[in-house]
Amino acid sequence: MNTTCIMCPMGCALTIEEKEGVLTVVGNGCPRGDKYGRAEYSHPERVVTTLLKGSRGGVVSVKTDRPIPKDKIGDLLAWAAAYRVDHAVETGEVIAENAADTGANILATSDFKG
Amino acid sequence: MERFDVVIIGGGPAGMAAALGAREKGASVAILERDDRLGGILNQCIHNGFGLHYFGEELTGPEYAKRFRDQVTKDDGIKVYLEAMVLSLTEDRLVRAISPTAGLIEIEAGSIVLAMGCRERSAGAIALAGTRPAGIYTAGMAQRLSNIDGYLVGKEVVILGSGDIGLIMARRMTSEGAKVKLVAEIMPFSSGLKRNIVQCLNDYDIPLRYSTTVTRVEGENRLTGVYVAPVDERMNPDLSREEYIPCDTLLLSVGLIPENDLLNGSKVEMSRITNGAVVDEYRQTSVPGIFSAGNVLHVHDLVDNVSEEAFVAGRSAAGFARGELSGGDTVNVLPSQGVRYALPQRIHKGEGKVKIYFRVDRVYKGRTVLVTSNDEVVKRKKTLVMAPGEMQNIEIDKSLIKGDISIITEE
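Rules of the game
Residues numbered from 1 in each chain as written. Chains lettered and ligands numbered in written order. Predicted model: local features only at pLDDT ≥ 70, side-chain atom pairs only at ≥ 80, totals over all residues. Helix = DSSP H or I, 4+ residues; strand = E, 2+ residues; numbered from the N terminus. Rg over C-alpha atoms; globule rule 2.2 N^0.38 Å. Buried ≥ 20, exposed ≤ 12 C-beta atoms within 10 Å, placed from the backbone. Contact = placed C-beta atoms within 7 Å. Pairing = 2+ DSSP bridges. Axes fitted to C-alpha atoms, helices over the stretch in contact; angles between N-to-C directions. Nonpolar A, V, L, I, M, F, W, Y, C, P; charged D, E, K, R; others polar. Domains from an automatic or database assignment. Expected span 1.5 Å × (residues − 1). Parallel < 35°, antiparallel > 145°, perpendicular 65-115°, else oblique. Left-handed = near helix turned anticlockwise from the far one by under 90°. pLDDT = per-residue confidence, 0-100.

Engineer: So what about the overall build of chain B? Which residues, and what values?
Structural biologist: When you go through chain B residue by residue, the secondary structure sums to six helices and 29 strands. Its C-alpha radius of gyration of 22 Å places chain B within 12% of the 22 Å reference for a compact globule of 411 residues. Taking the principal axes of the C-alpha coordinates as reference, chain B spans close to 65 × 60 × 40 Å. Per-residue burial over chain B gives 48% buried out of 411 residues. Taking the intrachain contacts of chain B between residues at least 6 apart in sequence as the baseline, contacts between residues at least 24 apart amount to 63%.

Engineer: Describe the overall build of chain A, naming the residues involved and giving the relevant values.
Structural biologist: For chain A, the count of helices and strands is two helices and 10 strands. Counting from the amino terminus, helix and strand elements in chain A follow one another as β-β-β-α-β-β-β-β-α-β-β-β. Its C-alpha atoms give chain A a radius of gyration of 18 Å, clearly above 13 Å, the size a compact globule of 114 residues would have. The dimensions of chain A, computed from C-alpha atoms along their principal axes, are 55 × 30 × 15 Å. Across the 114 residues that make up chain A, the buried fraction comes to 33%. Pairs at least 24 residues apart make up 44% of the contacts formed inside chain A by residues separated by at least 6 positions.

Engineer: Break down the sheet that holds strand β11 (residues 156-160) of chain B for me, citing the residues and quoting the values.
Structural biologist: All names here are of chain B. In space, the five strands of this open sheet follow the order β10-β17-β11-β12-β13, with parallel pairing throughout. Each edge of the sheet is formed by a strand with only one pairing partner; in this case those strands are β10 (136-138) and β13 (208-209). Two elements, β10 and strand β17 (residues 249-252), share three bridges in a ladder whose sense is parallel. Within β17, the residue paired with Thr 138 across the bridge is Leu 252. In the packing of helix α3 (residues 139-147) onto the sheet, contacts are made with β10 and β17, and the angle to β10 comes to roughly 90°.

Engineer: Talk me through the interface of chain B and chain A; I want residue IDs and the actual numbers.
Structural biologist: Contact residues are listed per partner, giving 20 residues for chain B and 21 residues for chain A. Of the residues forming the side of chain B that touches chain A, the biggest block, five residues, is contributed by helix α5 (residues 194-201) of chain B. When its residues are assigned to classes, the side of chain B that touches chain A shows seven nonpolar, seven polar and six charged.

Engineer: Account for unusual backbone geometry, naming residues and giving values.
Structural biologist: The omega torsion across B:Leu343 and B:Pro344 is 5°, close enough to zero to call that bond cis. The topology assignment puts B:Pro344 in the loop between β21 (339-343) and β22 (346-348). Unusually for a residue other than glycine, A:Ala100 sits at a positive phi of about 50°. With respect to the helices and strands, the residue A:Ala100 is situated in the loop between β9 (94-96) and β10 (106-108). Positive phi is not limited to glycine here, since B:Met235 has a value of about 75°.

Engineer: Before we move on, can you summarise the environment of B:Ala127 with the specific residues and values?
Structural biologist: Relative to the elements of secondary structure, B:Ala127 occurs in the loop between β9 (118-120) and β10. Each C-alpha atom, one on B:Ala127 and one on B:Val296, is 24 Å from the other, the two residues being 169 residues apart in sequence.

Engineer: Can you explain the domain arrangement of chain A? Please cite residues and give values.
Structural biologist: Assigned domains within chain A: domain 1 (2-42) and domain 2 (49-108). Its C-alpha centre places domain 1 of chain A at a distance of 31 Å from the equivalent point of domain 2 of chain A.

Engineer: Could you give an account of the sheet that holds β22(B), with specific residues and numbers?
Structural biologist: Residue and element names in this part refer to chain B. Taken in spatial order, the five strands of this open sheet run β22-β20-β29-β25-β26, and their pairing is mixed. Every interior strand has two partners, whereas the edge strands, β22 and β26 (376-382), have only one. Mean inter-strand twist for the sheet, computed between neighbouring axes without regard to direction, equals 25°.

Engineer: Could you give me a rundown of the pairing of strand β29 (residues 405-410) of chain B, with the residues and numbers involved?
Structural biologist: Residues and elements named next belong to chain B. Bridge analysis of strand β20 (residues 330-335) against β29 gives three bridges, and the strand direction is parallel. Paired with Pro 335 across the bridge in β29 is Ile 407. Relative to β29, strand β25 (residues 368-373) runs antiparallel, the two being bridged by six bridges. Bridging from a neighbouring strand, Val 369 pairs with Thr 409 of β29.

Engineer: Account for the environment of B:Val7, with residues named and values stated.
Structural biologist: Residues and elements named next belong to chain B. The residue Val 7 is located in strand β1 (residues 2-9) in this model. Separated by 107 residues in the primary sequence, Val 7 and Leu 114 have C-alpha atoms spaced 8.7 Å apart. If sequence neighbours within four positions are ignored, Val 7 has contacts with Ala 30, Leu 32, Val 95, Ile 107, Ala 109 and Ile 112.

Engineer: How would you explain helix α1 (residues 13-24) of chain B if you had to name every residue and give the values?
Structural biologist: Along an α-helix, residues three or four apart share an orientation, since each turn contains 3.6 residues. Residues and elements named next belong to chain B. Between the first and last C-alpha of α1 there are 17 Å, a value that for 12 residues agrees with the 16 Å anticipated at 1.5 Å per step. Most of α1 is tucked away: 11 of the 12 residues are buried. Regarding α1, the residues found buried are Pro 13, Ala 14, Gly 15, Met 16, Ala 17, Ala 18, Ala 19, Leu 20, Gly 21, Ala 22 and Arg 23. Here the buried face of α1 lies against β1, β2 (29-32), α2 (61-73), β5 (78-81), β8 (103-114) and α6 (303-321). Positive phi shows up at Gly 26, right after α1, with a value of about 80°.

Engineer: I'd like a rundown of the domain arrangement of chain B, residues and numbers included.
Structural biologist: Reports of interface size often rely on the accessible area that becomes lost once the parts have come together. Residue and element names in this part refer to chain B. According to the domain assignment, chain B consists of domain 1 (1-118 + 257-325), domain 2 (122-254) and domain 3 (328-411). For domain 1 and domain 3, the distance between their C-alpha centres works out to 26 Å. Between domain 1 and domain 3, the contact holds 11 residues from the first and 13 residues from the second.

Engineer: Please give an account of the packing of helix α4 (residues 164-175) of chain B against α5(B) that cites residues and values.
Structural biologist: Residue and element names in this part refer to chain B. Across the interface, α4 lies against α5 with an axial gap of 8 Å and an inter-helix angle of 20°. As far as their axial angle goes, α5 and α4 are roughly parallel. Every pair of crossing elements has a handedness; the one defined by α4 and α5 is left-handed. Contact residues: Asp 164, Leu 167, Ile 168, Ala 170 and Arg 171 in α4; Asn 196, Ile 197, Cys 200 and Leu 201 in α5.

Engineer: Can you lay out the confidence of the model for chain B for me, pointing to particular residues and giving the numbers?
Structural biologist: Per-residue confidence for chain B gives a mean pLDDT of 95, with 100% of residues at or over 70. Interface predicted TM-score (ipTM) for the complex: 0.91; the corresponding pTM is 0.93.

What follows is the structure in structure tokens.
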């Protein structure tokens, strides 16, 4: 796998390979790049931010309260597209728990009048 | 007529931090904001990554704005005018604004902080060739329509420019079900953060082509497609290799310009490089009592730096209004050898420390930054990598300043 390290502005080009169960990271300039490369290969994760629609119009911005596996982002976005917020919410409020079975809760990042 | 010690024009991150800075010194403060809420462009930046330096945690734009807005709105010493458009300001610090609720607002200011932010370069600014159909937006306009108003501006998208807003919008529109067919960047590198290239484009398999530009657009009522072509080192497109891409939307992420129209005809000295005012370390312009901070002074890449800079401007503006801001001799800060600009452009001799912010003119690896005064080295700093898109800073001791300051990079 090839990727770019995002730990600092150097942006080292990383190559990560697995041979007989052993991971090697090539191209990193420092130990942080090694750690990042291994994580990106074996369990890449992202905090997801998106919008939810209100049942009577409007949108509220939200985020997952923790990073979720990268391959579950599609599930989460599909869940978000179908979900409707039917009441007023304040920044920081939990709108849904364990959304789309990602293990993450959905938090409002802005106030919504409902 | 009302009177305030400090009048702040703009209620985005710079305006709010300037207000809090001025309040720290006990000044009475007014903020004039043209939108219907405080927070500025942060309100539409729903992605995360804000506040790592300032708050030590990763926040979304609206969350970062709220931290400041909550402090501003609970402070009785700050009067906030919303939907208030400033029409003029004078050198004796009379500010005129209009609002639908308050009508004509006239304020006598002890000092003024300019915090109007910046605006995007548009299709007209880059002389985009072709027809003029619907479907061509600046990236920030599309971001506002999406994230504040809830409208998806198109389904098949090409993005010109790989600045951070363009990258963020590529991911946002993909998340909402649109297809982003290409991000075209005229330069051989991106001015956007590496993190955004990886997490906004690569994560979603969105192609990015360097040294490529949009040569013309097509469509009568609505955009139907764009032509792209590679460019040579002198930015001339090779039209023999032009390629047609059908799409209904073109987003432009082609640069930001400080919004200083209010200063047209004023005596405030401007920098041709930053398109903002020339300031000293207090962020005071060449007109006494008029200060400037945030993206209206120079375009920042991190809001954390905007907040820090505006705090300085707010505190200093309060000091000026109370006659406590020290003056004295200044020296010039002169960038060269790889440094495109440095700010502040003037520094007072005296005691204490001062941080000089600067940008380099291209990507440099393993260079040393050197600050000299009267040919004596004042500060030396080794760097791993510096890129034009990432603002740098270096702190110096004012007591070492003897004459004009040079800031350079060397091998």
